[in-house]
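Below, each chain spelled out in residue letters.
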Amino acid sequence: MALSRAFTAMTIAATLALGAAGCGNDDVARDDRPANDARAGGAPPADPVQFRRVLAMTEDTSPDPVQPDPAAEAVACAPEAGYRLAPAEIVGGVEDAEVQQGQGRPAWSIMIELDDDAAATFADLTRELNGTGQQLAVVLGGRVLTAPVIQAVITDGRVSIAGDFTRDEAESLADALEG
């Protein structure tokens, strides 16, 4: 897939390094999961991925690390930023997620294939957001995995999440995205 068609973003590997430093108080269990589950390198939560418009950046980097209600606005965070997010426009919809190594560099990325419904909605979203400077967040387990500015209309349902992922991080993310 050409990079111009990829869902390009500056994804911070620490977002999936599941320690998510700077995102919430990792010393406190916020739900029924043990405090050392995914935040300590275990399997990511089994919640479906959500695609949400970013409404604003926020200084609040301490929301609960659980997947937000898809029908409501939410605050979610990445290691160094908080995001106020619109209700989810796509929930789940990932048909396949595979890892691949970046060309000429040791980092890994995740290639996602969306099902037909999610691909159609994603095409509409990227068509609407392309050139506006507005971000689209990919949220999993209450964390923003990436929140790129859309730079191309993506009509084929194939999305790339790029970053400085290790192979293990990329494989964990791919498994969680297929969830």
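Given the structure is predicted, the values throughout are model-derived calculations rather than measurements.

*Asks:* Residues and numbers for the confidence of the model for the protein, please.
*Replies:* When pLDDT is averaged along the protein, the result is 77, and 73% of the positions lie at 70 or above. Across the protein, helix α2 (residues 116-129) holds the top mean pLDDT of 97, while helix α1 (residues 13-16) sits lowest at 31. Within the model, pLDDT remains below 50 along residues 1-22, and this stretch shows 64 contacts once partners closer than five positions in the same chain are excluded. Taken together, the stretch residues 24-44 has pLDDT below 50 and engages in 38 contacts with residues farther than four places along the chain or on a different chain.

*Asks:* How would you explain the environment of D96 if you had to name every residue and give the values?
*Replies:* Along the chain, D96 turns up in strand β5 (residues 94-101). Here D96 falls in the partly exposed class, since its relative accessible area comes to 28%. Each C-alpha atom of the pair D96 and M111 lies 8.1 Å from the other, and the pair is 15 residues apart in sequence. What D96 contacts, discounting residues up to four positions off in sequence, is M111, I112, E113 and E178.

What counts as what
Residues numbered from 1 in each chain as written. Predicted model: local features only at pLDDT ≥ 70, side-chain atom pairs only at ≥ 80, totals over all residues. Heavy atoms only, no water. pLDDT = per-residue confidence, 0-100. Helix = DSSP H or I, 4+ residues; strand = E, 2+ residues; numbered from the N terminus. Contact = heavy atoms within 4.5 Å. Buried < 20%, exposed > 50% of the residue type's maximum accessible area, 1.4 Å probe, protein only.

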